[in-house]
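# Structural overview
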Amino acid sequence: MNTIEAMYQELGIEERVYRFGAEVEEKLKKRFEEIQKTAEYNQLKVIRAMQKCRVSAECFQSGTGYGYNDLGRDVLEEVYAEVFHTEAALVRAQITCGTHALAVALFGNLKPGDELLSISGKPYDTLEEVIGIRPSRGSLAEYGVSYRQVDLLGDGSFDFESVRKTISEKTKLVEIQRSKGYQTRPTLSVAQIAEAIRFVKDIRKDIIVLVDNCYGEFVECGEPGDFGADMVVGSLIKNPGGGLAPIGGYIAGTKECIENAACRLTTPGLGKEVGASLGVNRSFFQGLFLAPTVTAGALKGAIFAANIFEKLGFKVVPDGRESRHDIIQAVEFGTAEGLIAFCEGIQAAAPVDSYVTPEPWAMPGYDSDVIMAAGAFIQGSSIELSADGPVKPPYAAYFQGGLTWEHAKLGILKALQKLVDKGIVTL
Ligand SMILES: *Cc1c(COP(=O)(O)O)cnc(C)c1O
């Protein structure tokens, strides 16, 4: 029997689990249509940028050695600048991850005596050591860059009054983090970020506004660069790499900020001129081309998961109806068994390493064991279907990605099946 139901059954999904999923999916049609519209807009935006920058087959050739005149690399950076509506961009395989991209952007643009101000509360965990919030070798604090922070208000909006009071002569750069990361606050919308940029620029035009754009790219039609962000920063093994980029990060921004960052990434004097692309150009271009539809698939998966587990009585953040501004979904299972069963299901649905069983493990930087599920083509890629969570109350799984909606759906049904098998939920 060549039916979808039969195929799900072959993959270990029982009829009642499949039906439960189908009922939930039926009610999401309207939202899925909206997501497709956003994907359509963003797909056109990327294609238009590629046409305008005259992407050619030659761009897929790759430089070696110093990487002078690496055509593909230079054109790719023009395309990123076009897509993110900025003057320039730095998009490199030499940027090892999102944290590195953010560190390069910050170190390149802050000097001793300057102050960095975060206006969206505590930044992403890995930035604590970059900034020196947790004392760390080579941090900005060691170089005499001070740090201040204004927390978001209880409802997750900006505390503009405190921002006004905290900005001083020393404030050189304001950081805004779009996604909630591993916090429970809501993710900021592009409209909210736009308002904050306007507010800061009204106080002092020369303050640099940097947006940590990780997990937010292509979720909406607009990006922070459309609203005057001086730097927009992210990882290529998340949304904009489209699942194909094997490494990398990007910084899109003003010419001045990008030159400063480039001189930090390579050296003063060499800047953007060096840095061979080493064979990754094609995957960077093709990944960006796919990114709008890949992000849409991940987004549908997040909304599907929210509605499935909300219906079963679990707390989900964001909830089943909220508008979305990133691709992360949190589900609180309340028990270690629930969290572990969920992660086992995600792992079992993977195209790679589906036969291994994830186990909770001690990890540096965490005060409890952590469980992680990922069967990815690119190591650590979180635009691919993945889940993780610290094994402590409230036993929340953070779930994201899925290169296709179909795979995300299978992962969620498989996770639900594991919970049913273990008697944690009954349908
Ligand atoms: C993932 C992420 C980072 C860091 O990116 P890595 O590639 O893991 O170094 C920074 N900020 C946010 C909001 C993120 O989601």
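The rules we used
Residues numbered from 1 in each chain as written. Predicted model: local features only at pLDDT ≥ 70, side-chain atom pairs only at ≥ 80, totals over all residues. Heavy atoms only, no water. Helix = DSSP H or I, 4+ residues; strand = E, 2+ residues; numbered from the N terminus. Rg over C-alpha atoms; globule rule 2.2 N^0.38 Å. Buried < 20%, exposed > 50% of the residue type's maximum accessible area, 1.4 Å probe, protein only. Contact = heavy atoms within 4.5 Å. Areas by Shrake-Rupley, 256 points an atom, 1.4 Å probe, with all protein chains shown as cover. Lys, Arg positive; Asp, Glu negative; His and termini not counted. Charge placed at Lys NZ, Arg CZ, Asp CG, Glu CD. Phe/Tyr/Trp six-rings, centres within 6.5 Å; stacked < 30°, edge-to-face > 60°. Core = buried A, V, L, I, M, F, W, Y, C linked by side-chain atoms within 4.5 Å. Near = heavy atom within 4 Å. Polar contact = N/O pair within 3.5 Å; in protein donor to acceptor, adjacent residues only side chain to side chain. 1 Å grid on protein atoms, 1.4 Å probe; cavity = no way out; pocket = protein on both sides within 12 Å on 5 of 7 lines; lining within 4 Å. Sits in = over half its atoms within 2 Å of the grid points. Pairing = 2+ DSSP bridges. Axes fitted to C-alpha atoms, helices over the stretch in contact; angles between N-to-C directions. Salt bridge = Lys/Arg side-chain N within 4 Å of Asp/Glu carboxyl O. Disulfide = S-S within 2.5 Å. Expected span 1.5 Å × (residues − 1). Patch = residues over 30% accessible without salt bridge, like charges linked within 9 Å, V, L, I, M, F, W, Y side chains within 5 Å. Points joined across faces, edges and corners; volume = space filled by probe spheres on them.

## What about the overall build of the chain?
Assigned secondary structure in the chain consists of twelve helices and 13 strands. Rg of the C-alpha trace for the chain: 22 Å, near the compact-globule value of 22 Å for 427 residues, within the 12% margin. Every one of the 427 residues in the chain was classed for burial, and the buried ones make up 58%. For the chain, long-range pairs separated by at least 24 residues make up 70% of all intrachain contacts whose partners lie at least 6 apart in sequence. For the chain, the exposed area adds up to about 18,400 Å²; of that, 53% sits on carbon and sulfur atoms. Each charge sign in the chain was given a centre, from 44 positive and 56 negative side chains, and these centres are 2 Å apart.

## With respect to the packing of aromatic side chains
Here the structure, examined in full by the defined rule, presents 18 aromatic pairs. Their ring planes at 40 degrees and their centres at 5.3 Å tell us that Tyr-8 and Tyr-18 sit as a pair that is tilted. Taken together, the residues span a long stretch of sequence, with Tyr-8 in helix α1 (residues 4–10) and Tyr-18 in helix α2 (residues 15–26) at a distance of ten residues. Like Tyr-18, Tyr-8 is buried.

## Some words on the environment of Ala-341
Here Ala-341 is to be found in helix α11 (residues 336–348). Using a relative accessible area of 0% as the deciding quantity, one classes Ala-341 as buried. Spatially, the C-alpha atom of Ala-341 lies 15 Å from that of Gly-12, the residues being 329 residues apart in sequence. What Ala-341 contacts, discounting residues up to four positions off in sequence, is Ala-415, Lys-418, Leu-419, Lys-422 and Ile-424.

## Here we look at the nonpolar core
Core analysis: the largest hydrophobic core is formed by 59 residues, its most contacted members being Phe-304, Ile-308, Phe-309, Phe-333, Leu-339, Phe-342 and Ile-346. With ten residues, the single largest contributor to this core is helix α10 (residues 281–311). Excluding residues within four positions of it along the chain, Leu-339 makes contact with Phe-333, Ile-371, Gly-389, Pro-390, Val-391, Tyr-395, Ala-396 and Ala-397. In this structure, Met-50, Cys-53, Val-91 and Leu-288 belong to the second largest nonpolar core, which totals 46 residues.

## Notes on the site of the ligand
In the region of the ligand, the neighbouring residues are Cys-97, Gly-98, Thr-99, Leu-102, Tyr-124, Gln-177, Asp-212, Cys-214, Tyr-215, Ser-235 and Lys-238. Contact distances for the ligand include 2.8 Å between an oxygen atom and a backbone N or O atom of Gly-98. One nitrogen or oxygen atom from the side chain of Asp-212 is found 2.6 Å from a nitrogen atom belonging to the ligand. Using a 2 Å cut-off from the grid points, one finds that the ligand occupies the largest pocket. At three residues, the largest contribution of residues to the shell around the ligand is made by helix α5 (residues 98–109).

## A few points about the pairing of strand β13 (residues 396–400)
Burial analysis of β13 places five of its five residues in the buried class, the great majority of the element. Taking every second residue as pointing to the same face, both faces of β13 are buried, with Ala-396, Tyr-398 and Gln-400 on one and Ala-397 and Phe-399 on the other. Both strand β9 (residues 329–332) and β13 contribute to a ladder of four bridges, which runs antiparallel. Across the sheet, the residue bridging to Ala-330 is Tyr-398, located in β13.

## Notes on the sheet that holds strand β4 (residues 171–177)
Across the sheet, seven strands lie side by side as β1-β7-β6-β5-β4-β2-β3; this open sheet has mixed pairing. Edge strands, defined here as strands with exactly one partner in the open sheet, are β1 (88–92) and β3 (146–149). When the angles between neighbouring strand axes are averaged without regard to direction, this sheet yields 20 degrees. Note: β4 against strand β5 (residues 208–212), five bridges, orientation parallel.

## Details of the pattern of salt bridges
By the definition in use, this model includes 25 salt bridges. A single network of salt bridges, built from pairs that share partners, joins Lys-122, Asp-125, Glu-128, Glu-129 and Arg-134.

## Describing the state of the cysteines
A complete count under the given rule lists zero disulfides for this structure. Summary of cysteine pairing: Cys-53 is not part of a disulfide, and the nearest cysteine sulfur, belonging to Cys-59, is at 9.4 Å. On the basis of relative accessibility, which here comes to 11%, the residue Cys-53 falls in the buried class.

## Brief notes about helix α4 (residues 71–83)
With 13 residues, α4 ought to run about 18 Å at 1.5 Å a step, and its terminal C-alpha atoms sit 18 Å apart, in line with that. For α4, the full list of buried residues reads Gly-72, Arg-73, Val-75, Leu-76, Glu-77, Val-79, Tyr-80, Ala-81 and Val-83.

## Some words on a nonpolar patch on the surface
A surface patch of nonpolar side chains, amounting to about 360 Å² of accessible area, comprises Tyr-66, Tyr-68 and Leu-270. Tracing the sequence through the fold places Tyr-66 in the loop between α3 (29–52) and α4.

## Here we look at the layout of surface pockets
There is about 1,300 Å³ of room inside the largest pocket. In terms of lining residues, the largest pocket is bounded by 50 residues, among which Tyr-124, Tyr-182, Tyr-366, Met-372 and Asp-388 are the most central. Elements supplying a minimum of two residues to the lining of the largest pocket: α5, α6 (127–131), β9, β11 (369–374), β12 (386–390) and β13. Per-element tally for the lining of the largest pocket: the top contributor is β12, with five residues.

## Comments concerning the environment of Ile-35
By the element assignment, Ile-35 lies in helix α3. With 262 residues separating them along the chain, Ile-35 and Gly-297 place their C-alpha atoms 8.7 Å apart.

## Focus: the side chain of His-407
Within the secondary structure layout, His-407 lies in helix α12 (residues 405–421). Take His-407: its relative accessible area is 17%, and that puts it in the buried class.

## Considering unusual backbone geometry
The linkage connecting Val-317 with the following residue, Pro-318, adopts the cis geometry, with an omega of -5 degrees. The residue Pro-318 is located in the loop between β8 (315–317) and β9 in this model. Residues Pro-393 and Pro-394 are joined by a peptide bond in cis, for which omega reads 5 degrees. Structurally, the position occupied by Pro-394 is in the loop between β12 and β13. A positive phi angle is found at Phe-218, which is not glycine, with a value near 70 degrees. Checked against the element boundaries, Phe-218 lands in the loop between β5 and β6 (231–235). Note on Phe-218: relative accessible area 2%, which makes it buried. Unusually for a residue other than glycine, Asp-353 sits at a positive phi of about 60 degrees. With respect to the element layout, Asp-353 can be found in the loop between α11 and β10 (361–362). Of the residues examined, Asp-353 reaches a relative accessible area of 35% and is grouped as partly exposed.

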